[in-house]
Amino acid sequence: MPDPAEQLQQIYVAGFELKVFDRFPKCVGVVRDHCIALLVPSPDGLQILGTPGWQMGEAIGVLVEADGRRVFQAKQEILEATPERLEALRYFREDLQKLLLR
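Residues numbered from 1 in each chain as written. Predicted model: local features only at pLDDT ≥ 70, side-chain atom pairs only at ≥ 80, totals over all residues. Heavy atoms only, no water.

## Some points on the sheet that holds strand S1 (residues 17-21)
Next up, step 1: Spatially, S1-S2-S3-S4-S5-S6-S7 is the arrangement adopted by the seven strands of the open sheet, whose pairing is antiparallel. The sheet is open, and its two borders are formed by S1 and strand S7 (77-80), each paired with just one other strand. Taken over all neighbouring pairs, the strand axes of this sheet differ in orientation by 40° on average, direction set aside.
Next up, step 2: Pairing between S1 and strand S2 (residues 24-32): four bridges, direction antiparallel. When the bridges of S2 are listed, Lys-19 appears paired with Gly-29.
Next up, step 3: Across the sheet, helix H1 (residues 4-13) lies against S1, S2, strand S3 (35-42) and strand S4 (45-56), angled at about 35° from S4, the strand it touches most.
Next up, step 4: Against the sheet, helix H2 (residues 83-101) engages S2, S3, S4, strand S5 (59-66), strand S6 (69-74) and S7, with an angle of about 165° to S4. (Pairing = 2+ DSSP bridges. Helix = DSSP H or I, 4+ residues; strand = E, 2+ residues; numbered from the N terminus. Axes fitted to C-alpha atoms, helices over the stretch in contact; angles between N-to-C directions. Contact = heavy atoms within 4.5 Å.)

## What to know about a nonpolar patch on the surface
Next up, step 1: Taken together, the side chains of Tyr-12, Val-13 and Leu-18 make up a nonpolar region of the molecular surface, amounting to roughly 320 Å² of accessible area.
Next up, step 2: Along the chain, Tyr-12 falls in helix H1. (Patch = residues over 30% accessible without salt bridge, like charges linked within 9 Å, V, L, I, M, F, W, Y side chains within 5 Å. Areas by Shrake-Rupley, 256 points an atom, 1.4 Å probe, with all protein chains shown as cover. Salt bridge = Lys/Arg side-chain N within 4 Å of Asp/Glu carboxyl O.)

## A few points about the pattern of salt bridges
Next up, step 1: Counted by the stated rule, this structure contains five salt bridges.
Next up, step 2: One salt bridge connects Asp-95 with Arg-32, and the closest N-O pair in it is separated by 2.8 Å. Of this pair, Asp-95 sits in helix H2 while Arg-32 sits in strand S2, and the two are 63 residues apart along the sequence.
Next up, step 3: For Arg-32, a relative accessible area of 17% puts it in the buried group.
Next up, step 4: We note a salt bridge from Arg-90 to Glu-87, for which the minimum N-O separation is 2.7 Å. Residue Arg-90 and its partner Glu-87 are located together in helix H2, separated by three residues, close to a single helical turn.
Next up, step 5: Judged by relative accessible area, Glu-87 falls into the partly exposed class, the value being 33%.
Next up, step 6: By sharing partners, the salt bridges in this structure join Arg-32, Asp-33 and Asp-95 into a single network. (Buried < 20%, exposed > 50% of the residue type's maximum accessible area, 1.4 Å probe, protein only.)

In C-alpha cells form, the structure reads like this:
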C-alpha cells in the first residue's frame with residue numbers, strides 16, 4: 001500500500017500545489033495551472049474524489065454542457081471551457097493519475 005505522505009511529497013515535487021479546504025476536511029486539494037482535484041485516503045493510497053475541474057475562487061468548476069457548449073460551472077459562476085483549458089485539464093488529470101499509481 002502506498003504511503004499517503006510519500007504520495008503527497010511526490011505530487012508536490014512534481015509541481016502541484018497542495019491546499020486544504022474547510023469545506024472538505026478529509027480531503028487534500030491539488031492544484032496546477034488552475035486545474036484542481038480533491039484527494040482522499042483509501043486502503044490503496046490516495047485516490048481522486050469525483051472528477052478534477054477548474055479552480056474558480058474557492059470552488060471547483062465542474063465541466064458540464066450548457067446551451068450546447070462546454071463550460072466549467074461552480075454554482076452560478078460559469079467559465080468557458082476553451083480548448084486550452086480542456087487540454088490543461090487533460091494533462092493535469094493524466095499527470096496526477098500517473099503519480100498516484102506509483
